[in-house]
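Summary of structural features
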Amino acid sequence: MATPAQIEEQIQLEREQIRQGLKELRRNTQQLEEKEYASAAVYGVASVATLIPLVVQQIKDTVLRIKKGKTGAHLADIWQYLRDMEPEVAAAITSKVVMDKVFSPKKASSMLQNVADSIGTGVENECMMRFYERNVPGLLHILKENYWHKSIGTHQKVVVIRTLMNRMDVKHWEAWGRTNRIRLGTWLLDCVCSASGWFERELRQQGRKRETWLVPTKVFMDQKDQIMGTAELFSPYAWPMLIEPNDWEQDRPGGYLLNEVMRGHDMVRRGPTCIQGETPIAFLNQIQRVAYTLNPFTVKVAETLLEKGIEVGKFVPIVHMPLPPKPYDIADNKQARKDYRRKAAEVMNINAQAYERACRTRMTMNAVKIFKDKKKFFIPFSFDYRGRCYPIPAFLTPQDTDFGKSLLRFYEQAYVTPDAEGWLAFQCATTYGLDKATMRERLNWTEANLSLITKVATDPIRNLSDWADADEPWTFLAACDEYYHCVIECDRSHTSLPVAVDATCSGLQILAGLAKDASTARLVNVLPSERPQDAYKVIAEQAEPECPEVIRPHMDRKTTKRTVMTVPYNAKPFSNRGYIREALKEKGVAVEKDDLTATVKAVRDAMDVVVPGPMAVMKWIESEVAAAIKRGATELTWVTPSGFVVTQRLMKKVVETIELQLLGRCRIAVATHDSDIVDIAHHKNATAPNLIHSLDACLLHETAIRFRAPLALIHDSVLARATDMGQLSDLVRQTYMELFADRTYLKEWAEQIGAQSEPPIIGDLEPERVIESTYFFC
């Protein structure tokens with residue numbers, strides 16, 4: 001139990017989380033306003049989403065009057081510039097520009113004439129890009145590919161395209177002129193003001209001049225304050241805790257101590273409030289009580305590489321390039337000035353991209369600074385609506401990147417037994433890249449590479465190349481350190497390194513259990529075998545004869561893996577096409593459209609043959625879900641064997657998607673909430689994946705509450721100390737057996753959703769044999 005001093009330390013940490021979160025929210029808002037990007041601020045995003053539909057309707061009403069000849073020549077002249085542009089696009093550009101300009105601190109930015117000119121310029125730039133899209137689409141695509149990137153701003157994109165197009169022998173865009181842009185912008189601005197009541201003109205005396213400015217009304221400022229007030233409630237940072245988190249209860253939130261931090265966190269994320277079973281809540285509280293500490297070895301390596309600016313895997317430090325030196329004659333030489341600006345812009349773009357790529361590493365290392373000197377810390381967790389658990393903090397958790405995971409050790413240590421030595425060897429080989437090898441092959445690899453492990457553990461910086469190219473370089477680094485000290489040097493008698501074992505294609509494992517399909521179960525290592533089975537390879541071999549001849553030499557497990565992996569989660573042929581195209585592209589194979597279509601069909605047909613049970617179950621689920629919705633169901637609810645209540649409510653959202661050349665893809669909501677129409681297509685696509693996720697979560701709920709040692713979870717992966725892995729592996733198998741041998745859960749689930757036909761159960765699987773399977777989780 002935490003002492004009063006420890007509780008006070010945690011309270012002070014949470015107050016700091018609140019302060020830092022508010023500071024970051026306000027700093028980001030201010031920076032966006034200073035850069036004239038208020039539309040990207042919290043209040044800007046919400047306001048623009050509300051504003052666009054209002055402005056669209058205002059424009060459409062005016063168009064109707066123009067067509068009926070009920071407007072003057074003035075409006076007809078303006079309309080020539082908008083004739084080829086959808087009202088949604090004009091509304092999106094106008095709403096964004098108004099928000100950016102009105103809240104910019106730059107002098108004269110919100111003067112009416114400047115706002116109108118900016119709106120007209122935004123519309124003209126979009127029209128110019130569409131002009132080039134119609135006339136030289138291939139050239140425009142090449143220029144975008146070569147000269148556009150995430151760090152380049154909208155204005156720079158326009159300048160780049162305009163400059164490069166002017167150098168080409170193509171039909172040039174005829175500029176509208178400032179007068180016409182202002183006339184157009186003023187008219188669109190009137191649409192905004194009339195439709196929303198959020199902005200108004202204000203006449204100001206500037207010396208002898210009287211100038212008109214655009215200002216927000218009290219109505220808008222009240223709304224802005226309300227949005228920012230709500231954002232501040234959810235702004236506190238989420239960090240690990242120095243004491244055990246509060247237990248979750250049916251009627252009381254768990255996790256952090258202070259209500260100000262917990263306001264943004266519920267036990268079930270984005271799910272309806274409902275009574276959950278005792279087992280899931282006990283499970284959640286149990287994994288919250290696991291104590292962690294930082295791994296001093298990987299922390300030190302990370303700090304060294306950060307200082308040196310060396311990138312390894314998911315560890316990406318900021319590498320800042322200095323600006324080029326200014327020419328001595330920059331003030332007088334126009335060409336020198338132009339060249340300098342171009343070179344400086346290139347460097348700033350590179351630095352901006354580097355800063356963005358390094359964002360997660362930077363934030364992780366900031367968290368390391370906070371917890372580096374802490375003896376131990378804990379991680380509060382919550383559920384998603386299917387029962388999977390997720391850490392509330394974003395950093396220093398077991399569900400982090402390879403680099404983030406390598407920073408963690410369990411606080412409680414365990415004595416290194418002979419069995420533990422084998423699991424540490426397993427961890428070294430698996431993280432290096434032998435995750436598909438047999439257990440004996442992995443152990444043999446470690447035994448044959450003792451010198452490599454020693455070099456990495458004793459001098460990781462000088463021997464960087466020996467570990468940086470591993471499949472999981474950072475967790476391999478941590479494994480080398482533990483194995484070296486516990487097994488080779490033997491100067492460490494206790495271990496606390498998290499060792500991970502993963503399910504083999506967990507979607508098919510769960511579906512095989514539901515259908516009691518022995519052939520599929522054998523392919524995904526539910527049943528025992530001498531070496532790991534490879535469903536991806538078997539399906540590739542089955543599909544190969546039906547594939548186009550040019551594709552057959554390249555049909556292997558790598559080509560089919562992502563398709564086979566995602567079909568149980570209802571991935572459709574369109575996404576399958578993308579996965580197979582990418583896999584072939586990596587092999588240097590270009591595939592024709594018709595050949596790709598035939599290949600996708602061959603793979604899906606092969607799955608019907610190789611894994612018949614899962615494919616039949618998914619088709620049955622789609623059919624029964626559609627029937628349930630047609631009978632009037634507005635949501636689906638089921639209870640997993642662990643007692644977790646899943647509520648799947650999917651209503652149609654009224655949105656319209658538009659494509660803007662410069663601002664990208666926009667989803668425009670024309671309603672502020674979900675409609676009252678059930679989204680039957682979404683239910684059909686989502687139910688099988690959600691059922692699978694709820695059952696793999698159930699498997700871990702039931703396993704964890706029986707396990708009396710430190711445990712971490714990553715969806716379908718479990719992590720424990722090497723000393724405890726034998727016991728944990730047995731428990732996972734035992735739980736799977738009980739889940740699918742002692743009951744026919746698919747029939748129970750069918751009753752819960754009111755299915756009208758019998759589920760397709762093959763019935764030849766004996767789940768109790770999973771106890772003998774070495775590779776069920778490996």
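Residues numbered from 1 in each chain as written. Predicted model: local features only at pLDDT ≥ 70, side-chain atom pairs only at ≥ 80, totals over all residues. Heavy atoms only, no water.

**Some words on the sheet that holds strand 15 (residues 711-713)**
The strand order 10-16-15 describes an open sheet built from three strands, whose pairing is antiparallel. The open sheet is flanked by strand 10 (499-502) and strand 15, the only strands paired with a single partner. Looking at each pair of strands side by side, their axes are set apart by 25° on average, direction ignored. Here strand 10 pairs with strand 16 (residues 717-720) via four bridges, running antiparallel. (Pairing = 2+ DSSP bridges. Helix = DSSP H or I, 4+ residues; strand = E, 2+ residues; numbered from the N terminus. Axes fitted to C-alpha atoms, helices over the stretch in contact; angles between N-to-C directions.)

**Side note on the confidence of the model for the protein chain**
When pLDDT is averaged along the protein chain, the result is 86, and 93% of the positions lie at 70 or above. Least confident of the elements in the protein chain is strand 14 (residues 664-669), whose mean pLDDT is 53; most confident is strand 3 (residues 291-294), at 97. The low-confidence segment residues 669-673, where pLDDT is below 50, has seven contacts with residues more than four positions distant or belonging to other chains. (pLDDT = per-residue confidence, 0-100. Contact = heavy atoms within 4.5 Å.)

**Topic: the packing of aromatic side chains**
Working definition: an aromatic ring pair is given by the centre-to-centre distance plus the angle between the planes. Applying the stated rule across the entire model yields 24 aromatic pairs. Connected via pairs of aromatic rings, a cluster forms that spans Y43, F103, W198, F199 and F220. The lysine or arginine in question, R204, covers the ring of W213, its NZ or CZ lying 4.6 Å from the ring centre. One Lys or Arg, K224, reaches over the ring of Y43 and ends 4.6 Å from the middle of that ring. (Phe/Tyr/Trp six-rings, centres within 6.5 Å; stacked < 30°, edge-to-face > 60°. Lys NZ or Arg CZ within 6 Å of the ring centre and 35° of its normal.)

**Overview of unusual backbone geometry**
The phi angle at E36 is positive, at roughly 60°, despite the residue not being glycine. Relative to the helices and strands, E36 resides in the loop between helix 1 (4-34) and helix 2 (42-67). A positive phi angle, close to 65°, is found at A108, a residue other than glycine. Here A108 shows up in the loop between helix 4 (87-102) and helix 5 (112-135).

**Points about the packing of helix 5 against helix 6 (residues 137-147)**
The interhelical angle for the contact between helix 5 and helix 6, taken along N-to-C directions, is 120°, at an axis separation of 5 Å. Considering their axes alone, helix 5 and helix 6 lie oblique with respect to each other. Counted together, M129, Y132, E133, R134 and N135 of helix 5 and P137, L140 and K144 of helix 6 form the full contact between these two elements. (Parallel < 35°, antiparallel > 145°, perpendicular 65-115°, else oblique.)

**As for the environment of T560**
Tracing the backbone shows T560 in helix 24 (residues 557-566). Residues T560 and I580, 20 residues apart in the sequence, show an inter-C-alpha distance of 6.6 Å. Ignoring any residue separated from it by four or fewer positions in sequence, one finds T560 in contact with Y536, A540, M555 and V603. Within the local environment of T560, its side chain forms a polar contact with the backbone oxygen of Y536, the two atoms lying 3.0 Å apart. (Polar contact = N/O pair within 3.5 Å; in protein donor to acceptor, adjacent residues only side chain to side chain.)

**Considerations on the nonpolar core**
With 153 residues, the main nonpolar core has L284, W467, W474, L514 and W749 as its most contacted residues. Of the residues forming this core, the biggest block, nine residues, is contributed by helix 20 (residues 473-488). Aside from chain neighbours lying at most four places away, what touches W467 is V301, L305, V312, V456, P460, P473, W474, F476 and L477. A38, A41, I78 and Y81 belong to the second largest nonpolar core, which has 45 residues in total. (Core = buried A, V, L, I, M, F, W, Y, C linked by side-chain atoms within 4.5 Å. Buried < 20%, exposed > 50% of the residue type's maximum accessible area, 1.4 Å probe, protein only.)

**Regarding the pattern of salt bridges**
The tally for this structure, following the rule as stated, stands at 35 salt bridges. The salt bridge partner of E9 is K374, with a shortest N-O separation of 3.3 Å. Here K374 lies in the loop between helix 14 (359-371) and strand 4 (377-378) and E9 lies in helix 1, a separation of 365 residues in the sequence. On the accessibility criterion, K374 (27% relative accessible area) is partly exposed. A salt bridge links K60 to E88; the shortest N-O distance between them is 3.5 Å. Here K60 is found in helix 2, whereas its partner E88 is found in helix 4, with 28 residues between them in sequence. Among the residues examined, K60 registers a relative accessible area of 36% and is labelled partly exposed. Here the residues in one salt-bridge network are D117, E124, R178 and R181, joined through shared partners. (Salt bridge = Lys/Arg side-chain N within 4 Å of Asp/Glu carboxyl O.)

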